Amino acid sequence: MANSQSLKQGQQQKAKQRLTPQQLLVGQMIEKPIDQLREFVEKKVLENPALESSPKEEDEWGGGMGENQTPPDNSSLSLTDNHDGSTSDDRYDNDVPIPIYNTQRTDITYGDTTSFYDKLKEQMGEHELDSQQQEIMKYLIGSLDNDGLLRKDTETICDELAIYYGIDATANEVETVLTILQRFDPPGVGAHNLRECLLLQIERKKPSWIKTITKQIVTNYFDDLLKNHWRKLQNVLHLSDEDKEAIQSEIRKLNPKPGSSLGEVQGFNIHQITPDFIVDTNDDGSVSFSLNQGDLPDIAVSETYIDILNNTKNMSKRDREALPILRKDLESAKGLIDAIQQRQHTLQATMKAIIRRQRKFFQDGDEADLRPMILKDIADDTGLDISTISRVTNEKYAQTRWGIFRLRFFFTDRYEKDGEEMSTRKIKLALREIIDHENKQHPLTDAKLEEEMKKKGFPIARRTIVKYREQMKIPKSSLRRE
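Only a predicted model underlies this, so the values are computations on that prediction, with no experimental measurement involved.

Asks: Which residues make up the overall build of the protein, and what values go with them?
Replies: On a plain count of helices and strands, the protein comes out with 22 helices and eight strands. The proportion of buried residues among the 482 residues of the protein is 45%. Considering only contacts within the protein whose residues lie at least 6 apart along the sequence, 67% involve residues at least 24 apart. Per element, the accessible surface of the protein, about 27200 Å² overall, is 45% carbon and sulfur.

Take a look at the structure:
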């Protein structure tokens, strides 16, 4: 039978959102924590001759937030010209006084001066990666959680690379780079979940019967392993008591959080933390905050560039041919400065809204006082898109009187029962307190926990008890018995 081919032509209409280069740049600026922003800006200054930088003045802090401020004249292109935190649409009450800061501040860092992520990036040089693979690798490393696991799926990573960095990468390309990352030290880094993390570590072990059985348990009997059902595993795998103890010893050597291993070996935290926000709570209960500019350089457009572009009449023909390049550099410099200023305003508006809603926590530091608050609430308060709020609160920290917290810490879901709204965080704290004080020889069943929670004023259903208990990784009563 002869093969036949046919061509068909048709039209298909698709709605596709396209972001301008400036919008992409602003998105990148908003998402970057202060230490990454500093590295990015320093790189841009080196690449663009139209940019000039100077060390930050000793008496400058900037980024303070005032209730009734208005922006100064923004005609100049210096980054330091606009330190206010005002927004075009002030949607807030006057119950959170936030004055201007003029106090000098510096980076506040915790942990090893070489971060966990930097150590991973150093290992990139041991592998042959093309330019696109290097960018993908950097993004994967930056997307790791604190425990060293990668909980984003491949499609999400592809979308984020395209939207925020203009990198058109296929799922296969991302998976290829991820496979390389999973060969980095410490073993288990880059895994999508705990099972994959343990298997990656087992694969690096020398061949032995213990390795074979351990791999079999993690692959085929993972739930039984988590539930500590060793008698069942012994029967299924025909293990003696000595074999079981040897395998248990081997499993205990595996690290469920490989991201912490480098820090633990050196006696430091997982990675360096530089808070983006400094929140102060005064003795009178007033709350104020400022943006941590750290070592971010003051940048401005080169006056030499401006003079050249303002005096083109006496230019030679050769110099005129270079004008398009000069104008491109100038527009790029303006775009970067505008993006950083927009980042400052966006971060200030977001933090102001968070403080307004969670003022009680900032006053007394009691986690139970956190009100129900989701990203949409802050988006509604600020008039910003929810995706912008998500980028602002990603991988950023706030230093408070009560410690340093991720911005996502201040968000908590709401639970409604008979028209009463409660914070799920508060419910979980009450549930954990009950379990912590139970008789460990006779742990409370979920039905009993439901009764105890009702006595404390939390009339939640047993299925909700189970849901919250599992979210807090608290085992059921039979596994809590001591």
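Asks: Which residues make up the nonpolar core, and what values do they have?
Replies: The biggest cluster of nonpolar side chains holds 48 residues, and the ones touching the most others in it are M351, I354, F362 and F410. Here this core gets 13 residues from one element, more than from any other, and that element is helix α15 (residues 323-357). With near-sequence residues (within four places) excluded, I354 lies in contact with F362, M373, I378, L407, F410 and F411. Grouped together as the second largest cluster of nonpolar side chains are 23 residues, L120, M137, I141 and F184 included.

Asks: Help me get a handle on the confidence of the model for the protein, residues and values and all.
Replies: Here the protein shows a mean pLDDT of 77. Residues at 70 or above account for 77%. Here residues 58-113 is modelled with pLDDT under 50, and outside its nearest four sequence neighbours on either side it reaches 145 contacts, counting other chains as well. Every residue in residues 262-271 is under pLDDT 50, and counting partners more than four places away or in other chains gives 21 contacts.

Asks: Explain helix α6 (residues 171-181) to me, using residue names and the numbers behind them.
Replies: Looking at α6, one finds that the buried residues are V174, V177, L178, I180 and L181. An end-on view of α6 places all buried positions within 155° of arc, on one side of the element.

Asks: Any details on the packing of aromatic side chains? Residues and values, ideally.
Replies: Under the definition given, this model contains nine aromatic pairs. With a centroid separation of 4.6 Å and 25° between ring planes, the pair formed by F405 and F409 is classed as stacked. There is no split in this pair, since F405 and F409 are both buried. Counting every residue linked through ring pairs, the aromatic cluster contains F361, F362, F405, F409 and F410.

Asks: Talk me through the side chain of S477; I want residue IDs and the actual numbers.
Replies: Topologically, S477 is positioned in helix α22 (residues 477-480). According to the relative accessible area criterion, S477 is buried, its value standing at 17%. Not counting chain neighbours up to four residues away, the residues in contact with S477 comprise P443, L444 and T445.

Asks: I'd like a description of the side chain of K211, backed by residues and values.
Replies: Secondary-structure assignment places K211 in helix α8 (residues 209-220). Of the buried charged residues, K211 lacks a salt bridge, with E203 as the closest side chain of opposite charge at 4.5 Å. Here E203 takes part through its backbone oxygen, which lies 3.3 Å from a polar atom of the side chain of K211. Setting aside chain neighbours within four positions, we find K211 in contact with I202, E203, K205 and K206.

Asks: Please set out the sheet that holds strand β3 (residues 287-291) residue by residue, giving values where relevant.
Replies: Strand pairs in the sheet, formed through backbone hydrogen bonds, run parallel or antiparallel to each other. On the basis of which strands lie adjacent, the open sheet formed by four strands has the order β3-β2-β5-β6 and mixed pairing. On the outer flanks of this sheet lie β3 and β6 (403-406), each paired with one strand and no other. Within this sheet the neighbouring strands show an average axis-to-axis angle of 25°, counted without direction. Here strand β5 (residues 397-400) runs beside β6; their pairing, made up of four bridges, is antiparallel. The partner of A398 across the bridge, within β6, is F405. Sitting on the sheet, α15 is in contact with β2 (277-281), β3 and β5, with an inclination near 160° to β3.

Asks: Account for the pairing of β2, with residues named and values stated.
Replies: Here β2 lies mainly inside the structure; four of its five residues are buried. Where β2 lies against β3, five bridges are found, and the strand directions are antiparallel. Among the inter-strand pairings, T281 is bridged to a residue of β3, identified as V287. In textbook terms, the turn of a hairpin is the stretch between consecutive antiparallel strands, and for β2 and β3 this stretch comprises five residues, one of which, G285, has a positive phi near 95°. Where β2 meets β5, two bridges bridge the pair, whose relative direction is parallel. Bridge assignment links F277 to a residue of β5, and that residue is A398.

The rules behind each value
Numbers given for residues are sequential positions, taken from 1 along each chain in its written order. In view of the model being predicted, local features appear only for residues whose pLDDT reaches at least 70, and side-chain atom pairs are presented and counted only at 80 or more, with totals across whole chains, interfaces and linings using the full set of residues. As a convention, hydrogens and water are excluded, and side-chain values are obtained from all of the structure's heavy atoms. Put simply, DSSP H or I for four residues or longer makes a helix, DSSP E for two residues or longer makes a strand, and each gets a number counted from the N terminus. Each residue's exposure class comes from its accessible area (1.4 Å probe, protein chains only) as a fraction of the maximum for that residue type: buried when under 20%, exposed when over 50%, partly exposed otherwise. Only heavy atoms enter the contact rule, under which two residues are in contact if any of them lie within 4.5 Å. Note on areas: these come from Shrake-Rupley sampling with a 1.4 Å probe, and a residue is covered only by the protein chains present in the view. Note on terminology: a nonpolar core comprises buried Ala, Val, Leu, Ile, Met, Phe, Trp, Tyr and Cys residues joined through side-chain atoms within 4.5 Å. Residue-level confidence of the predictor is summarised by pLDDT, bounded by 0 at the bottom and 100 at the top. This arc is taken over the directions from the axis of the helix to the C-beta atoms. Ring pairs are drawn from Phe, Tyr and Trp, using the six-membered ring of Trp, whenever the two centres fall within 6.5 Å, and their geometry is named by plane angle: stacked under 30 degrees, edge-to-face over 60, tilted for the rest. Asp and Glu count as negative and Lys and Arg as positive, but His and the ends of the chain are not part of the count. The salt bridge criterion pairs a side-chain nitrogen of Lys or Arg with a carboxyl oxygen of Asp or Glu, the two atoms within 4 Å. Polar contacts, as used here, are pairs of N or O atoms within 3.5 Å; protein pairs need one atom able to donate a hydrogen and one able to accept it. Residues neighboring in sequence count only if both atoms are side-chain atoms. For two strands to be treated as a pair, DSSP must find no fewer than two bridges joining them. Working convention: axes come from line fits to C-alpha atoms, limited for helices to the stretch in contact. Angles between N-to-C directions cover 0 to 180 degrees.

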